[in-house]
Amino acid sequence: MRVCMPTTLSDACSMLADAGTAGRVMAGGTDLLVDWPQRAHEHDDTIWIDLSRVTPLRRITCADHVLRLGALTTYWDVVQSEQAAEAFPLLKQAARVVGSLQIQTRGTWAGNIMNGSPAADGVLALMAYDTTIELRSTAGVRRVSLDTFYTGYRSTVARADEILESIVLRRHRYRIQYFEKIGTRQAQAITKVGLALTQDSADHSWRVVMNSMAPTVTRCPALEGVLSAQQPMAGPDAWLPIIDADVSPIDDLRSTSRYRRVVAARLLHSALADRCDWIGQ
Amino acid sequence: MAQCLYTFNVNGHSQTVAADPLESLADVLRDRLHLTGTKKGCGAGDCGACTVLIDGSPVNTCLTPIGTVNGREITTIEGLAVNGELTPLQKAFVHEGGIQCGFCTPGMVISATHLLNDNPSPTTDEIKEALTGNLCRCTGYGGILRAVQRCDNYRGDGTCAKKAEPPADKSRKYDNVNISIPRVDAADKVTGRAVYTADVTLPNMAYGKLLGSPVAHGIIKKIDISKADALPGVLTILTGADVTDTLHGVSPARYDEEILAKTKVRHIGEPIAAVAAIDEATCKKALSLIDVEIEPLTPVLDPMQAVADGAPIVHERYKGNINTHVEQEFGDLEKGFADSYHVREEEFIGNHIQQAPMEPHASVATWDHDGTLVLYSSTQVPHYVQYMMAHVLHIPLGKIRVIRPAVGGGFGGKAATSPIDICSALLSKATGRPIKMVYTREETFTYGRGRHKQYMKFKLGVDKEGRIKAFKSEIYLDGGAYSSFGVATAYYAGSMIPTLYHLPAYRYDGYRIMTNKPACGAMRGHGVPQPRFAFECLLNMVADDIGMDPVEIRLRNAMDANTMTVNDLDIGSCEYKATLEQVREKSDWNNKYGKLPAGKGIGIGCGGFVSGAGYCIYRGQVQLSHEKPREHFQKKSIFPHANAIAKVSEDGMAVVLMIGAADIGQGSDTVLVQMCAESLGIPASRIRMRSEDSDISPIDLGAYSSRITLMGGHAVSRAGTAVVEKMKPYAAKLLGCDPSEVEARHATMFPRGNESHTVLWEEVARQYFNDKGPLVGTGCYKPPDGLGGDYKGATVGTSPAYSFGSAVCEVNVDLETGKVKVEKFTDYHDCGTPINPQSVHGQVEGAIVMSTGETIMEDIQFDEKGNILNPNLHGYLLMTIKDAPEIFSGLVDSYESRGPFGAKEIGEGSTLPVLGAVAHAIANATGVWIKDLPITPEKILNALRKKQESAEAPSLAATR
Ligand SMILES: Cc1cc2nc3c(=O)[nH]c(=O)nc-3n(C[C@H](O)[C@H](O)[C@H](O)COP(=O)(O)OP(=O)(O)OC[C@H]3O[C@@H](n4cnc5c(N)ncnc54)[C@H](O)[C@@H]3O)c2cc1C
Ligand code: FES
Ligand code: FES
């Protein structure tokens, strides 16, 4: 096991390239270091590229309708950034329900994306906006829409030699912005059902995003279609077939498929019935 | 991995350490800088015990690699109090009951300090938000919340010292009891000075780890340690072949655990090898190199399947996988049911839960050159550990010294001798070095000893007036792979039901079943919370059936003082009815029950417990068990269960109180000091407690069955009285009165009735010393002879005294998501005289929050192979500060003549009303009863859907 502590992003990229398949990027470590050192022996061959000294990556910038979160931006950084919280309120909402304050001060948005958990709450909020990520390697920068980043359970289009450099959110005007996370506990809960919604006030387009409902955090095209068509809904149950077209929740330790579907339908219905008069009761 | 140098600032001083870059800040602070105030409760970011401030922000140091803190500014708990002066927040924690076991305290104080730095007057919601990352298993967060809210009251000078000694109030009956003084260990705990077992470091110490079985059921074919043995840094490796055949356990009739499995493994995680190495990482690496071959057998995980014909057998000695069978019948059951106006039968299922104290188990062992074992253990029962170590090591008990450092909670999980107690001693013997072993959070789950999951079939008959005529209970307890406490658990599950209500006829059939899961043990309320939950629910159902108010039906059946129960338990004081009337009044029950809108609910549950078990866990005298003759059981204690020595310092200014009673956070040191002070007639602040070392303190059986206040209390107060008796002739001489007239109070002695004619207490003590040498008094306590009836198992449930309590719970259920928010609890208890009311309320608040979690979220889950799916604190859910309800805790007037100063118990009795109250409130809010725990949102929605479907079904049929 080796740990590299680069101070520039280009060094980090070369180190990662040199490490080949043994390379692992580390940011806040809140996913990677769980149960460390009990798991240390599983990483005998790992070469860690710790980004913590690449300080420019901590930066948040907000200009010209674009919010840019560096790879080391933490949840807490966003909570404390008035600009970010004002431009993209769901980010702050999501940040406050990630773990606890101690996690929010260390965990990064980039780590949340790259970790690829289907329960990722940061990703849920980010995907409800027009979000692109910039992946850097020694070969240069590549921009990928967050919408198409995940290819399956914990797999993404990112290559092993790529570092997520920044998260770029393009600001639109929104008529509706909604975020809800259902867990068993009132706090420190892993999401059982997560739903985020935005509606663009210019072109009326929708983004419907769910987490813990499919192998990845995902947009829900069928639901978005129904919403764009302003299709009236008789009640929460009417959403179920459409939800089933978009996601495939499972039974696991934390909940059941049935619960997830039913609650997602109810969240959708109550969120929209309040905000869209065409929905019906 | 190559070590690097890191320089950072800790509490204002620059520090440079050489470390692996991925070593956690928690380990660096604790192991290299000896700042052990930062605790490790999980290693996974879940508990917050390891919280420090980095550049002013709170972080979990267990997840913070040292490589990332170079050049940063770190504040640990040790950095808060400047020159020994506590911060206002620390003082508030001390005085407002913010501390029990103290294991969460440093992290909690750090998080709260961060909050107050930014926001000096936070709202309640802001405080909760700031503390969500800090779990507390003891306090229920009530005292913590009050401490942060009232922090302002502690600004300015010296509040702490001023408050420590309440002004003498001559009109009070007592000076030191029935009064809330701060815990004697509070200042140590709030500053990070208190030493827990994992904080102990001895010269030349090495580390140990256990290898757990990877399969739930199998035959060990081969264990090859050669590769592991060759690993640099490994000192020794032990397997089943290296240890004696002696079996150990808890119930003497059922010792069935091997030190390390020799031929068969019975649950995942069962210890099969122990390794000692120079550090934990090397131990862990060595474990991964041990080559184990196990022929798998089919595991049996479901107790109801385990008793079916042809099921795999877990132990040959337990036929049909039945470990214990209890069959008890009292009164005329058939007639009782025949005479009943209404009979209802229901099935209930409890859940398998874990004590999950914030401190994981730890042991440090070393051997003196004379062959004495010195064992530091995070245990609730130092004496039983001593006894069991003597048993497995085949050395006299007198050659074993058990030191119990501060313990970070137990709740029953630390009430047995653990594999790390035994293996640290064996590894230490083999290596000639002190060995430290600390469980990871996961290992605490695979070691187990949690609450038995019980499958209960109850039948209750009442007459028209709601009077109970007969009750029948059939319970299957899922015991896991070993006996542990289980025999007693199976008996307790039946024996405690008749203490609350007059039952003219009662039958109990209990079966404890073996399965291939970690052994279950004794958890707070030992065996009783689930049957009590089921009984209270059934009583509420029956009340509804016959149209009677749930409080009313209880009042009609409630136990009275000085009653012998149907199963021969001797109830002395009993103010159960008063607790019922008080909760009804205080909660405004009559205006709420049946009158709340859908989604809001109110419910009631009751319960009570023993104040110490009437008999010791083992029979006969204290002696090496192998040599002990089989003794005929006599209905009396062979030796005293609690023993104390009070030794007065030569100048008379201090008293050292010695008693081996285990303070595990419940506060026993403090109440014992208070009771001893009362007998001595001096303020509690003059007494120092020495309870932690078996070389210093005489035997007390430990912290289980809620026994210390009553039993230890008698012992210490008798020791105090013995001291005063010795002083009386000397005082009499100075006062010019007869020794029989001398009284001691307020650190003076005086002739009875003449409090103005005094001599200083210490002056009398000095006179005694000058004349006779050491001034020492001893005291002991034996439970009364003859407790219990004359049937099999009659000893279980016996006690000198019983507690009673009633709780009303109010909930909000979101009918869309099934999410339950327990909003409010109103609780009244009869605990006799509260020795320290703040401590009593702290127990009640903690119990309510813990047991609410048990009712709505805690559950150990297994896969089909017997792996625990949630052996951590993100999968196994404990209530956070945001989940905790608002609690009103009240006490009714009560005096127990068998208790010291009238005291009984509160520690376990406080849990018993809770489950039933929460379940009832949820049923009241939703219109559906959930009879299997935990009552999750998923179950609530399912039940609501089924109810709706069955309501729709007839109308559908009609339209067809
Ligand atoms: C107690 C606890 C509670 C939690 N609660 C929640 C919760 O409620 N909701 C939630 O969504 N998450 C939760 N998490 C998960 C975690 O905090 C987040 O996923 C976090 O955002 C990860 O960020 P990090 O910087 O700590 O990532 P790290 O642990 O450092 O890395 C995570 C993964 O991302 C990769 N990675 C990180 N940065 C980069 C980069 N710039 N380029 C390429 N790869 C990178 C790493 O290689 C690794 O695979 C919780 C974690 C803990 C320990
Ligand atoms: S030990 Fe770090 S959060 Fe529990
Ligand atoms: S006092 Fe909080 S965990 Fe014990």
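As the structure is a computational prediction, the values presented were derived from the model and not from experiment.

## Details of the overall build of chain B
- Across its full length, chain B carries 25 helices and 33 strands.
- Expected size for 960 residues packed as a compact globule is a radius of gyration near 30 Å; at 28 Å, chain B falls within 12% of this value.
- For the C-alpha atoms alone, the extent of chain B along its principal axes is close to 90 × 80 × 65 Å.
- Within chain B, the proportion of its 960 residues that are buried is 63%.
- Excluding contacts between residues fewer than 6 apart, the proportion of contacts in chain B whose partners are at least 24 apart in sequence is 79%.

## Side note on the packing of helix 16 (residues 529-545) of chain B against helix 24 (residues 912-926) of chain B
All names here are of chain B.
- Two elements in contact, helix 16 and helix 24, have axes whose closest approach is 8 Å; the angle formed by their N-to-C orientations is 40°. By the angle class used here, helix 16 and helix 24 are oblique. Considering only the axes of helix 16 and helix 24, their crossing is right-handed. On the side of helix 16, the interface is formed by Pro529, Arg532, Phe533, Glu536, Cys537 and Asn540, while helix 24 contributes Leu912, Leu915, Gly916, Ala919 and His920.

## Here we look at the site of ligand 1
- Ala27, Gly28, Gly99 and Gly111 of chain A together with Gly45 of chain B are the nearest of the 32 residues found near ligand 1.
- Ligand 1 sits at the junction of chains A and B, each of which supplies nearby residues.
- The set of elements that each furnish at least two residues to the shell around ligand 1 consists of strand 2 (23-26), helix 6 (109-115), helix 7 (121-127) and strand 10 (163-170) of chain A.
- Considering every element that reaches the shell around ligand 1, the biggest residue donor is helix 6 of chain A, with five residues.

## Focus: the sheet that holds strand 24 (residues 642-648) of chain B
All names here are of chain B.
- A sheet is described by the order of its strands in space; here four strands give the open sequence 26-25-24-30, paired in mixed fashion. Among the strands making up the open sheet, the edge pair consists of strand 26 (687-690) and strand 30 (775-781). Each adjacent strand pair in this sheet contributes to an overall mean axis angle of 20°, direction not counted.
- One ladder, built from four bridges, connects strand 25 (residues 655-658) with strand 26; its direction is parallel. By the bridge assignment for strand 26, Leu657 is matched with Met689.
- Helix 20 (residues 668-680) contacts strand 24, strand 25 and strand 26 of the sheet and is inclined by roughly 135° relative to strand 26.

## Points about the pairing of strand 7 (residues 140-145) of chain A
Residue and element names in this part refer to chain A.
- The buried fraction of strand 7 is low, at zero of six residues.
- Across six bridges, strand 6 (residues 130-137) lies against strand 7 in antiparallel orientation. Bridging across to strand 7, Ser137 finds its partner in Gly140.
- What sits between the antiparallel neighbours strand 6 and strand 7 is a turn of two residues.

## Re the nonpolar core
- Membership of the largest hydrophobic core comes to 393 residues, with the highest contact counts inside it found for Val275, Leu657, Cys676 and Ile922 of chain B.
- A total of 12 residues in this core trace back to one element, the largest contributor, which is helix 21 (residues 708-735) of chain B.

## Notes on the interface of chain B and chain A
- Taken together, the contacts link 43 residues of chain B with 40 residues of chain A.
- Breaking the side of chain B that touches chain A down by element, the ones donating at least two residues are strand 4 (57-60), helix 9 (280-289) and helix 25 (937-959) of chain B.
- The biggest single contributor to the side of chain B that touches chain A is helix 9 of chain B, with five residues.

## A word on the pairing of strand 2 (residues 13-19) of chain B
All names here are of chain B.
- As paired elements, strand 1 (residues 4-10) and strand 2 share seven bridges and run antiparallel to each other. What sits directly across from Thr7, in strand 2, is Thr16.
- Hairpin connection between strand 1 and strand 2: a loop of two residues separates the two successive antiparallel strands, and Asn11 in this loop has a positive phi of roughly 50°.

## Looking at helix 23 (residues 837-856) of chain B
- A rise of 1.5 Å per residue sets the reference length of helix 23 of chain B, with its 20 residues, at 28 Å; its end C-alpha atoms lie 28 Å apart and thus fit the reference within 8%.
- With respect to burial, helix 23 of chain B is a largely interior element, 18 of its 20 residues being buried.

## A closer look at the environment of Ser694 of chain B
Residues and elements named next belong to chain B.
- Along the polypeptide, Ser694 turns up in the loop between strand 26 and helix 21.
- Through-space distance from the C-alpha of Ser694 to that of His95 is 30 Å; in sequence the pair is 599 residues apart.
- Among residues more than four places away in sequence, those in contact with Ser694 are Pro382, Gln386, Arg401, Val402 and Gly660.

## Observations concerning the environment of Ile110 of chain B
Residue and element names in this part refer to chain B.
- You can see Ile110 is positioned in helix 3 (residues 105-118).
- With 28 C-beta atoms counted inside 10 Å, the residue Ile110 sits in the buried group.
- For the pair Ile110 and Ala715, spaced 605 residues apart in the sequence, the C-alpha separation amounts to 39 Å.
- Excluding residues within four positions of it along the chain, Ile110 makes contact with Thr51, Val52, Leu53, Pro58 and Ile77.

## Digging into the sheet that holds strand 14 (residues 362-367) of chain B
Residues and elements named next belong to chain B.
- With mixed pairing, the seven strands of this open sheet are ordered in space as 8-10-6-17-14-15-16. In the strand order of this sheet, the two ends are held by strand 8 (234-239) and strand 16 (400-403), each with one partner. Taken pair by pair, the neighbouring strands of this sheet meet at an average axis angle of 20°, ignoring direction.
- The pairing of strand 14 with strand 17 (residues 435-438) spans four bridges and is antiparallel. Across the sheet, Ala365 pairs through a bridge with Ile435, a residue of strand 17.
- Sheet contacts for helix 9: strand 6 (206-212), strand 8 and strand 10 (271-277); angle to strand 6, the most-contacted strand, approximately 30°.
- On the sheet, helix 12 (residues 382-393) packs against strand 15 (373-377) and strand 16 and is oriented at approximately 145° with respect to strand 16.

## Considerations on unusual backbone geometry
Residue and element names in this part refer to chain B.
- Cis rather than trans, the peptide bond between Leu933 and Pro934 has omega equal to -5°.
- Looking at where Pro934 falls in the secondary structure, it is placed in the loop between helix 24 and helix 25.
- In this model, Ser484 sits at a positive phi of 45°, which is unusual for a non-glycine residue.
- As for its position among the elements, Ser484 is in the loop between strand 19 (468-480) and helix 15 (486-495).
- By the C-beta count within 10 Å, which is 27 here, Ser484 ends up buried.
- A positive phi is found at Ser705, a non-glycine position, where the angle reads about 50°.
- Tracing the sequence through the fold places Ser705 in the loop between strand 26 and helix 21.
- Residue Ser705 is classed as buried on the basis of its C-beta count, with 26 C-beta atoms lying within 10 Å.

## Looking at the domain arrangement of chain B
- Domain annotation of chain B identifies domain 1 (4-79), domain 2 (88-192), domain 3 (528-614 + 800-944) and domain 4 (640-781).
- Just the C-alpha atoms count here: the centres of domain 1 of chain B and domain 3 of chain B sit 41 Å apart.

## Topic: helix 2 (residues 88-95) of chain B
- Of all the eight residues making up helix 2 of chain B, seven are buried; the element is thus mostly covered by neighbouring parts of the structure.
- Every buried residue belonging to helix 2 of chain B is among Leu89, Gln90, Lys91, Ala92, Phe93, Val94 and His95 of chain B, and all of these are buried.

## Quick word on the confidence of the model for chain B
All names here are of chain B.
- Mean pLDDT over chain B works out to 96, with 98% of the residues at or above the 70 mark.
- Across residues 158-164, where pLDDT falls below 50, the model places eight contacts with residues more than four positions away in sequence or in other chains.
- For this predicted complex, the interface confidence comes out at an ipTM of 0.96, alongside a pTM of 0.97.

## Section: the packing of helix 20 of chain B against helix 21 of chain B
Residues and elements named next belong to chain B.
- Interhelical geometry of helix 20 versus helix 21 gives an angle of 35° and a closest axis separation of 8 Å. Between helix 20 and helix 21 lies a crossing whose hand is right-handed. Between helix 20, through Ser668, Val671, Leu672, Met675, Cys676, Glu678, Ser679 and Leu680, and helix 21, the contact on the second element is made entirely by Ile708, Thr709, Gly712, Gly713, Val716, Ser717, Ala719, Gly720, Thr721, Val723 and Val724.
- Of the residues belonging to the contact of helix 20 with helix 21, the class tally is 10 nonpolar, eight polar and one charged.

The rules behind each value
Residues numbered from 1 in each chain as written. Chains lettered and ligands numbered in written order. Predicted model: local features only at pLDDT ≥ 70, side-chain atom pairs only at ≥ 80, totals over all residues. Helix = DSSP H or I, 4+ residues; strand = E, 2+ residues; numbered from the N terminus. Rg over C-alpha atoms; globule rule 2.2 N^0.38 Å. Buried ≥ 20, exposed ≤ 12 C-beta atoms within 10 Å, placed from the backbone. Contact = placed C-beta atoms within 7 Å. Axes fitted to C-alpha atoms, helices over the stretch in contact; angles between N-to-C directions. Parallel < 35°, antiparallel > 145°, perpendicular 65-115°, else oblique. Left-handed = near helix turned anticlockwise from the far one by under 90°. Near = placed C-beta within 6 Å. Pairing = 2+ DSSP bridges. Core = buried A, V, L, I, M, F, W, Y, C linked by C-beta atoms within 7 Å. Expected span 1.5 Å × (residues − 1). Domains from an automatic or database assignment. pLDDT = per-residue confidence, 0-100. Nonpolar A, V, L, I, M, F, W, Y, C, P; charged D, E, K, R; others polar.

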